[in-house]
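Chains, contacts and geometry: an overview
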Protein chains: 2
Amino acid sequence: MENWLKKQAQLNPKKTALILEHSDFTFKELDDSVQLYASKLSTYGVKQHDRIAIFITNSFNGYIAILALQQIGAEIVFLNTRLSKDELVFQLRDSNAKFCLKDDNADLSEIEQIDYPQVRISKTLSLVNDKSYQPVEEFNNDDVTSIMYTSGTSGRPKGVLQTFGNHFYSAIGTSLNLGINYRDSWVLAVPLFHISGLSIAMRSLIYGIGVYLIPKFDETYINKILINERASIISLVPTMLKRLLNNLAPKQKYNSNFRCVLLGGGPIDNWTLLRCNMLAIPVIQSYGMTETASNVVALNNRDAQRKVGSSGQALFPVQLRITQKNNEGIGEIEVKAPNVAKSYLNMPELFRQRMTKDNYFRTGDIGFIDDEGFLFVKGRKDDMIISGGENIYPEEVENIYSKIKGILGMLIIGKRNETWGQVPIAYVILDEKAYLTGQDLIDYGRDHMAHYKVPKEFRQVDHFPQTSSGKVLRRKIYDLPYKLI
Amino acid sequence: MENWLKKQAQLNPKKTALILEHSDFTFKELDDSVQLYASKLSTYGVKQHDRIAIFITNSFNGYIAILALQQIGAEIVFLNTRLSKDELVFQLRDSNAKFCLKDDNADLSEIEQIDYPQVRISKTLSLVNDKSYQPVEEFNNDDVTSIMYTSGTSGRPKGVLQTFGNHFYSAIGTSLNLGINYRDSWVLAVPLFHISGLSIAMRSLIYGIGVYLIPKFDETYINKILINERASIISLVPTMLKRLLNNLAPKQKYNSNFRCVLLGGGPIDNWTLLRCNMLAIPVIQSYGMTETASNVVALNNRDAQRKVGSSGQALFPVQLRITQKNNEGIGEIEVKAPNVAKSYLNMPELFRQRMTKDNYFRTGDIGFIDDEGFLFVKGRKDDMIISGGENIYPEEVENIYSKIKGILGMLIIGKRNETWGQVPIAYVILDEKAYLTGQDLIDYGRDHMAHYKVPKEFRQVDHFPQTSSGKVLRRKIYDLPYKLI
């Protein structure tokens, strides 16, 4: 297919493509800005198929940087700005990125301690244009355009290779569910370095619709946009939705062009759903992952009451099934869709192991499908914790703590929490001679991982429940007596 | 991708899929009817990958027959019911169809003179179900589902192999242009055996929207639907649009859910466009062909005034270019798109010749693209005539007449006509000894080809203008003196 941005610059030159707090850009203007910056990056040495890391916030510069790298045909490695230094080092080295492009608006304290080629966007803006620069003519379905790390069960983060075809089919699947309207615009308030955020930017290029780019989650500012502007769709995680609702004044209503909240990142409680209904805010719950380049399942508002607890039905291009069912029909969720990623970077064999012979992707999630085709997700096969929309993989956190002498064993478990849905807590077995307080362990964690991953409590136990074959029974840990340290 | 009909029966079981004059069907009901009939056809011996011809009108039975054959996974050969006996014989034999399934509502006088296996749908309805019948699980992008004959330059009709992928991308390209709305429904008033009609049925399965099936073009009946029902889109050729407008009473307006006329099959005059504007009927002009499984270019209503005479811009998945340009920028139109057909049946080499090395399809049409990417079609490279939305290829008609002794030469030319846009007329060179009247030639034509292809006038000349190399100069024929016979 033709280069998407160039295509929209031709199809909809005068239509609004990007809306910031104090300015907005048509597709023609966006294209001009992007091509100008791409020519500067070209001067800096970026070429087609180069792998370039970016460390960005939801800023104008970050947005332009993504699109410019895409125009050159680079593979963009999206770094989560909340990662610790160690995590950043791993992803930079694993991806073998040529260098890292840094957003001046981001907190650069961690990344600038790292010895890896990196440059601030501000430093590249003054480069001269490369007059010989040409954008790629076509976006080929099989070409990788984005790489996002996901941790999964092993604890070792895996770079998910997302192609143009993945983003295209993801956008089409969503359009066949939500519909498309020429007057649509999408509020981008989730991180651009997540698939939830990037997929909005890609939809803008494919549908030809505008994006409200939100630099930082500020409920007052976002509600103002949803009330006073013509914004029609917003992607949110449950915590964000609750913050928006709590911030709404009585009798305030979203604008008449508003269509729905697209909700991801975990289940929504019934009470919040009810409040949305009373406020005439349609909520489309959804299910997807980095490996499927955003949603594969969605629950339309018209089915929400009837199917409480469900994530919805498989989108048009998606096939879904449950394997290894128990007697309640619960088993592993498998997905077949043209938006399933190409592979894992440097670990093609691991990816192949997650694909079945008939091309289904083993999600690692468990759930069931009812007789009308509605999916009910029961959780991570490997006990992933979702805290404020962020995924926390217990084994990853456990691996990091395993490096401390004196810790003989640790299990990370999710604990229910009013604000965050879940928070991680730790069960630890300590060496008799070790003198470690909970505060020591929290401090260590904050130095070595994103803060949301750090356990909120440390419970000392003297053993873990095990099966006869020696495998730890994670779910039985709650039964043990413990001492808070 | 999953079988489209089964998918919609699950996604939208209670939504209206098909609306007839006195009844309508939800996707669940449509699926039930189609699967029941498919199991009967299975009893009749139809299997996956069988090639089956159909001779249908826009009837409920015709619609069900198409979908049932698709469920079995047969390749459906669509016969134009207006073809002559000779033309039908050619297409049946060329396609080597196992048999022809005939709609009892069609005029069967020609086809029933043909010695080729055929059966009326009414005779198959009483068959018992094949209990072992199973619909195909997936519609694979590369599998051929429909075959439609198109004549083109050579005069020898070519069976265009249309895949599921062709229909899918065609539908997606149109959705990215027109948008999709859950409440949409499409009026199918063009023939189901044309790509313009079949593509509506395919969009219904892909978008999950309803189809108003119109058995016969009746402007009063169609206007009633557009005024009183919730119909939102209608596909038309210019002649049909004019008939609808002429039939509208003063102050009558189409329903509030009505969105647009999708207009194909040739250019629209300015006066008709103006009338539509006054009546608030948005018109989307378009350009496409059997080989591209419907539209590749569309002109949105918002550009219509500014770009009179244009067919619009290339749809999102489509790339367009002009080659062999003359000094006015006019040349052959070439198209690259995932909806370009797979090949010609039995003539893969001919199809390959029409593809460039970089995968553009040579349309055989001439035109130019302006600096904003708008296409202006100037006509068939080979002087195709468009009469009432039907394509007439002069060489095909000339070939048929060449079989008459006494005709030494014939050139078919289009003549402007108020009602039909164009009508074919013939310039003939007769043997001195031949005694042929215009009426003789009209009678012969009516026996051997669809009536719309028969020349309306026969002009006798004594030579054709030629180039020095002996090639006939078609465009100079108007300069010659002639005698009406």
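These figures come from a predicted structure and were not determined experimentally. (Residues numbered from 1 in each chain as written. Chains lettered and ligands numbered in written order. Predicted model: local features only at pLDDT ≥ 70, side-chain atom pairs only at ≥ 80, totals over all residues. Heavy atoms only, no water.)

Section: a nonpolar patch on the surface
The cut-off we apply is this: Here, patches come from residues exposed beyond 30% relative accessible area and free of salt bridges, joined within 9 Å for like charges and within 5 Å for nonpolar side chains (Val, Leu, Ile, Met, Phe, Trp, Tyr). For the area figures, the Shrake-Rupley method with a 1.4 Å probe applies, and any residue is considered shielded solely by the protein chains shown. A side-chain nitrogen of Lys or Arg and a carboxyl oxygen of Asp or Glu constitute a salt bridge if their distance falls within 4 Å. Working definition: with a 1.4 Å probe on protein chains only, accessible area under 20% of the residue-type maximum means buried, over 50% means exposed, and in between means partly exposed.
Together, Trp-271, Leu-274 and Met-278 of chain A give the surface a local cluster of nonpolar side chains, amounting to about 380 Å² of exposed area. The exposure class assigned to Trp-271 of chain A is exposed, which follows from its relative accessible area of 55%.

Focus on helix H10 (residues 270-278) of chain B
Every α-helix carries 3.6 residues per turn, so stepping three or four residues along brings you back to the same face. All names here are of chain B. Rules: Each helix is a run of DSSP H or I of at least 4 residues and each strand a run of E of at least 2, with the numbering of both proceeding from the N terminus. Within this analysis, the arc is defined by the directions that extend from the helix axis to the C-beta atoms.
Considered for burial, the residues of H10 that qualify are Thr-272, Leu-273 and Cys-276. The arc enclosing the buried residues of H10, seen along the axis, measures out at 100 degrees, which places them on a common side. Of the exposed residues in H10, those oriented more than 90 degrees away from the buried face are Trp-271 and Met-278.

Quick word on the nonpolar core
Inclusion rule: By nonpolar core we mean a set of buried residues, namely Ala, Val, Leu, Ile, Met, Phe, Trp, Tyr and Cys, connected to one another through side-chain atoms within 4.5 Å. Any two residues having at least one pair of non-hydrogen atoms within 4.5 Å are treated as being in contact.
Trp-4, Leu-101 and Phe-168 of chain A together with Trp-4, Leu-101 and Phe-168 of chain B are the most contacted members of the largest nonpolar core, which totals 241 residues. Not counting the four nearest positions on each side in its chain, Phe-168 of chain B is found in contact with Tyr-169, Ile-172 and Phe-316 of chain A together with Met-1, Trp-4 and Ile-206 of chain B.

Topic: the interface of chain A and chain B
You'll often see interface size given as the accessible area lost when the parts meet. Applied cut-off: For any pair of parts, buried area is found by adding up, for both, the accessible area (1.4 Å probe) each one loses once the two are put together. By the criterion applied in these results, polar contacts are pairs of N or O atoms within 3.5 Å in which, for protein atoms, one can donate a hydrogen and the other can accept it, and in which residues neighboring in sequence qualify only through two side-chain atoms. Ten residues, namely Ala, Val, Leu, Ile, Met, Phe, Trp, Tyr, Cys and Pro, are considered nonpolar, four, namely Asp, Glu, Lys and Arg, are considered charged, and the remaining ones, Gly among them, are considered polar.
Contacts between the two partners involve 33 residues from chain A and, on the opposite side, 33 residues from chain B. With both chains or domains summed, chain A and chain B bury close to 2800 Å², and 53% of this area falls on carbon and sulfur atoms. Applying the counting criterion to the chain A and chain B interface returns two salt bridges. Summed over the shared surface of chain A and chain B, the result is 16 residue pairs in polar contact (both at pLDDT 80 or more). Breaking the side of chain A that touches chain B down by element, the ones donating at least two residues are helix H1 (4-11), helix H6 (164-178), helix H7 (195-208) and strand S15 (313-314) of chain A. Partitioning the side of chain A that touches chain B into residue classes produces 17 nonpolar, nine polar and seven charged.

Section: the packing of H1 of chain A against helix H2 (residues 27-43) of chain A
Residues and elements named next belong to chain A. The cut-off we apply is this: Where helices are involved, their axes are fitted lines through C-alpha atoms of the stretch in contact, as for all axes, and angles between N-to-C directions lie from 0 to 180°. For any pair of crossing helices, the crossing counts as left-handed if the nearer helix is rotated counterclockwise from the farther one by less than a right angle, and right-handed if it is rotated clockwise.
Interaxial distance between H1 and H2 falls to 8 Å at its minimum, and their mutual angle equals 145 degrees. Classified by chirality, the crossing of H2 by H1 is left-handed. Listed contacts from H2 to Leu-5, Lys-6, Gln-8 and Ala-9 of H1 are Phe-27, Lys-28, Leu-30, Asp-31, Val-34 and Gln-35. Looking at the contact of H1 with H2 residue by residue, the classes come out as five nonpolar, two polar and three charged.

Overview of the sheet that holds strand S23 (residues 407-417) of chain A
Residues and elements named next belong to chain A. Where we set the bar: Pairs of strands are assigned from DSSP output, requiring at least two bridges between the strands.
Ordered by their spatial adjacency, four strands build an open sheet running S23-S24-S25-S26, and the pairing between neighbours is mixed. Pairing within the sheet leaves two strands with one partner each, and these edge strands are S23 and strand S26 (483-484). Where strand S25 (residues 458-460) and S26 come together, two bridges link them in antiparallel fashion. Opposite Gln-460, over in S26, you have Lys-483 as the bridge partner. Sitting on the sheet, helix H13 (residues 394-401) touches S23 and S25, and the angle it makes with S23 is about 145 degrees.

Remarks on the sheet that holds strand S2 (residues 24-26) of chain A
All names here are of chain A. Taken together, nine strands build an open sheet; the order of strands is S2-S1-S10-S9-S11-S12-S13-S14-S15 and the sheet is mixed. Two strands lie at the open edges of the sheet, namely S2 and S15, each paired on one side alone. Sheet analysis places strand S9 (residues 185-188) next to strand S10 (residues 210-213), joined by four bridges and oriented parallel. Paired with Leu-188 across the strands is Leu-213, a residue of S10. Contacts from H2 reach strand S1 (16-19) and S2, with the element oriented near 95 degrees to S2. Docked against the sheet, H7 engages S1, S9, S10, strand S11 (233-236), strand S12 (260-263), strand S13 (283-289) and strand S14 (294-299), running at close to 160 degrees with respect to S9.

Digging into the domain arrangement of chain A
All names here are of chain A. Stated formally: An automatic or database domain assignment provides the domain bounds reported here.
Examined at the domain level, chain A breaks down into domain 1 (4-375) and domain 2 (385-484). Each of domain 1 and domain 2 has a C-alpha centre, and these two points are 30 Å apart. The partner domain 2 presents 18 residues to the 19 residues of domain 1 that form the contact. Taken together, the two surfaces of domain 1 and domain 2 that pack against each other cover about 1300 Å², and 45% of this comes from carbon and sulfur. The interface formed by domain 1 and domain 2 contains two salt bridges.

Considering the relation of the copies chain A and chain B
Between the two copies of this chain, the relationship is a rotation about some axis together with a displacement along it. Note the following rule: To superpose the copies, least squares is applied to the C-alpha atoms of every residue with a pLDDT of at least 70 in both.
By a simple turn and slide, chain A fits onto chain B: the slide is 0.0 Å along the axis, the RMSD is 0.0 Å, and the turn is 180 degrees. Here the transformation between the copies is reduced to the relation of a two-fold axis. When each C-alpha of chain A is compared by its distance to the rotation axis, Ile-180 of chain A comes out closest, at 2.5 Å. A high fraction, 100%, of the interface residues of chain A reappear at the interface in chain B, so the copies pair face to face through one surface.

A look at the packing of aromatic side chains
The condition that has to hold: Each Phe, Tyr or Trp ring, with Trp reduced to its six-membered ring, pairs with another whose centre is within 6.5 Å; inter-plane angles below 30 degrees give stacked pairs, above 60 give edge-to-face pairs, and intermediate values give tilted ones. Whether a charge sits over a ring depends on NZ of Lys or CZ of Arg being within 6 Å of the ring centre and within 35 degrees of the ring normal.
Inspection of the entire model under this criterion finds 35 aromatic pairs over all chains. An angle of 70 degrees between the planes, with centres 5.0 Å apart, marks the rings of Tyr-254 of chain A and Phe-258 of chain A as edge-to-face. On the basis of relative accessibility, which here comes to 13%, the residue Tyr-254 of chain A falls in the buried class. Counting every residue linked through ring pairs, the aromatic cluster contains Trp-4, Phe-139, Phe-164, Phe-168, Tyr-169 and Phe-316 of chain A together with Trp-4, Phe-139, Phe-164, Phe-168, Tyr-169 and Phe-316 of chain B. The residue whose ring lies beneath Lys-15 of chain B is Tyr-182 of chain B, and the NZ or CZ to ring-centre distance is 3.8 Å.

Details of unusual backbone geometry
If you check the backbone angles, His-49 of chain A has positive phi at about 70 degrees while not being a glycine. Its place among the elements puts His-49 of chain A in the loop between H2 and strand S3 (51-55). Its identity as a non-glycine residue notwithstanding, Ala-293 of chain B has a phi of 50 degrees, on the positive side. Along the chain, Ala-293 of chain B turns up in the loop between strand S13 (283-289) and strand S14 (294-299). For Ala-293 of chain B, a relative accessible area of 1% corresponds to the buried category.

Examining the pairing of strand S8 (residues 158-163) of chain A
Residue and element names in this part refer to chain A. The buried count for S8 comes to six of six residues, which makes it a mostly enclosed element. With burial as the criterion, each face of S8 is covered, one bearing Lys-158, Val-160 and Gln-162 and the other bearing Gly-159, Leu-161 and Thr-163. Sheet topology places strand S7 (residues 144-150) next to S8; six bridges connect them, and they run antiparallel. Pairing of Tyr-149 across the sheet is with Gly-159, part of S8. Relative to strand S18 (residues 343-344), S8 is paired through two bridges, and the arrangement is antiparallel. Bridged to Val-160 within S18 is Tyr-344.

What to know about the pairing of S14 of chain B
Residue and element names in this part refer to chain B. Counting buried residues in S14 gives six out of six residues, a clear majority hidden from the surface. In this sheet, S14 lies alongside S13 in antiparallel orientation, the contact comprising five bridges. Residue Gly-288 lies in a different strand from S14, and its bridge partner there is Asn-295. Taken together, the two bridges between S14 and strand S15 (residues 313-314) define a ladder with antiparallel strand orientation. Bridged to Val-297 within S15 is Ala-314.

A closer look at the pattern of salt bridges
All names here are of chain A. Evaluated as defined, the whole model comprises 48 salt bridges over all chains. Of the charged contacts, one joins Glu-372 and Lys-307 as a salt bridge, the two residues approaching to 2.7 Å between their closest N and O atoms. Of the two residues, Glu-372 sits in the loop between strand S19 (361-369) and strand S20 (375-380) while Lys-307 sits in the loop between helix H11 (301-304) and S15, which places them 65 residues apart along the sequence. Close ionic contact of Asp-358 with Arg-321 constitutes a salt bridge, the shortest N to O distance being 2.8 Å. In this pair, Asp-358 sits in the loop between helix H12 (348-354) and S19 while Arg-321 sits in strand S16 (residues 319-323), placing the two residues 37 residues apart along the sequence.

Digging into the packing of helix H3 (residues 60-72) of chain B against helix H7 (residues 195-208) of chain B
Residue and element names in this part refer to chain B. Viewed as axis vectors pointing N to C, H3 and H7 meet at an angle of 60 degrees, and their least axial separation amounts to 12 Å. Here H3 and H7 pass one another in a crossing that is right-handed. On H7, the residues that touch Tyr-63, Ile-66, Leu-67 and Gln-70 of H3 are Leu-198, Ala-201, Met-202, Ser-204 and Leu-205. Tallied by class, the residues present in the contact of H3 with H7 amount to seven nonpolar, two polar and no charged.

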